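Structural characterization, general
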Amino acid sequence: MLTRTMKLRLDDLLRAAGLGGGGAIWGLGLARLAAEAGFQPSFYGSPTIVTGVAVVGAVAAITLQLRPRRSPRSLDPASSKFYLFFFVLVALPLPYVTGVVAHPLAGCVLVIGGAALALLVVWENRPRWVPPFVLGISTLALYLRTLLPSVGVADTFEFQVVVPRLAIAHPTGYPLYVLLGKLFTLLPLGDVAWRVNLASAVFATAAVLVLYLLLLRPTIFRQPQDACPRSIPIRWLSAFLAALTFAFSSTFWSQAVIAEVYTLHNLFVAVILWFLLDPFPFNLSRLSPARRWQAIFFLMGLSLTNHLPVALLLPAVALALLWDRPRLRLREWAIAGGAFCVGLSVYLFIPLRWPAINDGEWMTLRGFLFYVTGGQFHAALQLDGWRDPARWLIVWRLLGQPGGWIGLALVAVGLGRLTLHQRRTLALTGVTFLAFAAYGLTYHVPDVAVFLLPAHLILAVWMGCGASYLTGLIGLLFSSTPARMKRSPSGRKRPRLAEIAARLRPFAGGGISLLVCAVFGFHCLS
């Protein structure tokens, strides 16, 4: 009994050290951010001040954990998994502190994001709307902070001129983006060019939030059996981090701060996937099968009027139809077809507006079809481009850009999990990913990265699925009720791995905490 008590006390001390180390790392990240942003340059120039900031961060982290708990659903203070989640989240600025991530804006995301996630973890009885609210506000705030302040170049400049005048942009015309952008120009904020840029930031934020909600669906997320209590931040945390990774990937972020069509394009891709991945019996959208498919058809038609490559979702739509085989009546299919045409009717803006900006000359039907299909860009589409090895290297590098090797590892785990348990989700997301990746291989333009953004979105979905599964396993490993792991409800023994995890649980939290402290100490001495 005495030996067991000593082990637990040692484990508590190690966990407290880990919490202090995580808080100290966060303090160092804040000090560096304050210095590089110009608020307080001395914060990262004086060893005494740096040490003081680190100590304050450590004390704050430990104090926050030791506060009284009144809710019966709050986390057990003796649970190793609470400490694991807490100090990992607080230590998010570690790449920024050690110089692995050097850009101040990326450091701001890690520092502020680490603090926000840590606070969400320890917030008892947290309303469900809080994580998406924090995600949306923080994403939009950083987009606004980095928003192009005025006039841009190339297509951005064109949209800033076209949108306020309700003119017609270059092929394919992008009428939906022009009409929605016009609404933003009516806001009494900044100059007109800034308002058009603002539209992209809002569309990007909406796309990130839809991605977050998509990752919470049972068609994406499933915990390992008996993973951990609902109070452990597994489900929302994995979705939060995956959505944040997509939001601040360099390519998507670059399009969220300028007047361009790609953020609205990705918003449509995310919303259409939301409906496609919501089959019976889940039906979380609370729509009948007929209404759901009619909504999908309408969104497909409407999204085509913003950016034509959304047609690459058609294979996924066709596969979902074959997979679900919805029993709709002829009248319901006719309504779906009519909804598609209504969405597509936004293209009528181009021929109706054409005479006003072309000295009364009307657009011919042949000219209209050539314009809306981007006829002048057809030469850039080279179907034999997949034979070029250099093209494969370019696309591979761009696809690995958002999450790096860690993200690709999570993608592999997510694909394995979907293969075993969610084959419909795997098929629909896989077809979508392959379609956009193939488009990137065959469409030879300098800015091919922006055309791969929907593939980045699918990678974020797989990444979130892999992260949720791994965090579920971590919750199982660090469960504070090891006796529950020994036998299943049927009375049969659990696998040997569960018994080993139960025996190692008292030391696992402290060991990992000690590792974080070692990394922190190494940085201080270097």
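Residues numbered from 1 in each chain as written. Predicted model: local features only at pLDDT ≥ 70, side-chain atom pairs only at ≥ 80, totals over all residues. Heavy atoms only, no water.

1. Describing the overall build of the chain
Going by this rule: Elements are defined by DSSP. Helices are runs of H or I of four residues or more, strands are runs of E of two residues or more, and each kind is numbered from the N terminus. Exposure is judged per residue with a 1.4 Å probe applied to protein chains only, and the accessible area is read against the type maximum: over 50% gives exposed, under 20% gives buried, and values in between give partly exposed. Throughout, a contact is declared for two residues whenever any of their heavy atoms are within 4.5 Å. Per-residue and other accessible areas were derived by the Shrake-Rupley procedure at a 1.4 Å probe size, with only the shown protein chains allowed to occlude residues.
Per the secondary structure count, the chain includes 23 helices and zero strands. Per-residue burial over the chain gives 51% buried out of 526 residues. Counting contacts in the chain only where the partners sit at least 6 residues apart, residues at least 24 apart contribute 76% of the total. As displayed, the chain has an accessible area near 25100 Å², and 70% of this comes from carbon and sulfur atoms.

2. Quick look at the packing of aromatic side chains
Operational definition: Think of it this way: a Phe, Tyr or Trp ring, Trp meaning its six-membered ring, pairs with another when their centres are within 6.5 Å, and the plane angle makes it stacked under 30 degrees, edge-to-face over 60, tilted otherwise.
Tallying each qualifying case throughout the model produces 15 aromatic pairs. Aromatic pair tyrosine 443 and phenylalanine 451: ring centres 5.1 Å apart, planes at 80°, arrangement edge-to-face. Of the residues examined, tyrosine 443 reaches a relative accessible area of 9% and is grouped as buried. For phenylalanine 451, a relative accessible area of 11% corresponds to the buried category. Each member of the aromatic cluster is reached from another via a ring pair, and the members are Phe159, Tyr174, Tyr177, Phe184 and Phe203.

3. Looking at the pattern of salt bridges
Defined as follows: The salt bridge definition used is simple: a Lys or Arg side-chain nitrogen within 4 Å of an Asp or Glu carboxyl oxygen.
Inspection of every chain in the model, using the stated rule, returns three salt bridges. Arginine 424 serves as the salt-bridge partner of aspartate 324, at 2.7 Å between the closest nitrogen and oxygen. Here aspartate 324, found in helix α14 (residues 314-324), pairs with arginine 424, found in helix α20 (residues 423-442); they are 100 residues apart in sequence, far enough to count as distant. Relative accessible area serves as the criterion here: at 25%, aspartate 324 is assigned to the partly exposed category. Taking the relative accessible area as the measure of exposure, arginine 424 reaches 11% and is therefore buried. Salt-bridge contacts for glutamate 332 lead to arginine 329; the nearest nitrogen and oxygen are separated by 3.5 Å. A relative accessible area of 57% places arginine 329 in the exposed class.

4. Describing the nonpolar core
Put simply, the test is: Within this scheme, the nonpolar core is defined by two criteria: the residues are buried Ala, Val, Leu, Ile, Met, Phe, Trp, Tyr or Cys, and they are joined through side-chain atoms within 4.5 Å.
Within the largest apolar cluster, 115 residues are counted, with the highest numbers of intra-cluster contacts made by Tyr143, Tyr177, Leu276 and Ile350. Broken down by element, the residue count for this core peaks at 13 residues, all from helix α9 (residues 192-215). Core analysis: the next-biggest nonpolar cluster, separate from the first, contains six residues, Leu28, Ala54, Ala58 and Val97 among them.

5. Remarks on the environment of valine 97
With respect to the helices and strands, valine 97 occurs in helix α4 (residues 94-97). Separated by 72 residues in the primary sequence, valine 97 and isoleucine 25 have C-alpha atoms spaced 7.3 Å apart.

6. What to know about unusual backbone geometry
Residue threonine 172 is bonded to the preceding proline 171 through a cis peptide linkage, with omega at 15°. Within the secondary structure, threonine 172 sits in the loop between α7 (154-165) and α8 (175-185). Backbone geometry places leucine 166, a non-glycine residue, at a positive phi of 50°. Among the secondary structure elements, leucine 166 is positioned in the loop between α7 and α8. Positive phi values are uncommon outside glycine, yet tyrosine 174 reaches one of about 50°. For tyrosine 174, a relative accessible area of 8% translates into the label buried.

7. Digging into the side chain of serine 200
Applicable threshold: Pairing of N or O atoms within 3.5 Å defines a polar contact, subject to two protein rules: one partner must be a possible hydrogen donor and the other a possible acceptor, and residues neighboring in sequence count only if both atoms are side-chain atoms.
Within the fold, serine 200 resides in helix α9. For serine 200, a relative accessible area of 0% corresponds to the buried category. Among the polar contacts made by the side chain of serine 200, one reaches the side chain of tyrosine 177 at a distance of 3.4 Å. Beyond its immediate chain neighbours, meaning those up to four positions away, serine 200 contacts Tyr177, Gln255, Ala256, Ile258, Ala259, Glu260 and Thr263.

8. Here's the deal with the confidence of the model for the chain
The following threshold applies: Confidence scores here are pLDDT values: one per residue, from the predictor, ranging 0 to 100.
A residue-level look at the chain finds 70% of positions with pLDDT of 70 or above and a mean pLDDT of 76. Across residues 69-78, where pLDDT falls below 50, the model places 20 contacts with residues more than four positions away in sequence or in other chains. This stretch, residues 506-514, has a pLDDT under 50; its non-local contacts, to residues over four places away or in other chains, come to 21 contacts.

9. Description of helix α16 (residues 349-357)
Those residues of α16 that sit buried are Phe349, Ile350, Pro351, Trp354 and Pro355. On its buried side, α16 packs onto α8 and α17 (365-372). One or two positions beyond α16, positive phi appears at aspartate 359, with a value near 55°.

10. Digging into the packing of α16 against α17
What counts here: Lines fitted to the C-alpha atoms define the axes, with helices restricted to the stretch that makes contact. Angles between their N-to-C directions range from 0 to 180 degrees. Between 65 and 115 degrees an angle is taken as roughly perpendicular, under 35 as roughly parallel, over 145 as roughly antiparallel, and anywhere else as oblique. Put simply, a crossing is left-handed when the front helix is turned counterclockwise from the back one by less than a right angle, and right-handed when it is turned clockwise.
Between α16 and α17, whose axes approach to 11 Å, the crossing angle comes to 115°. Comparing the axis directions of α16 and α17 gives the class roughly perpendicular. Once α16 is placed against α17, the crossing between them reads as right-handed. Between α16 and α17, the contacting residues are Ile350, Pro351 and Trp354 on the first element and Phe368, Tyr371 and Val372 on the second.

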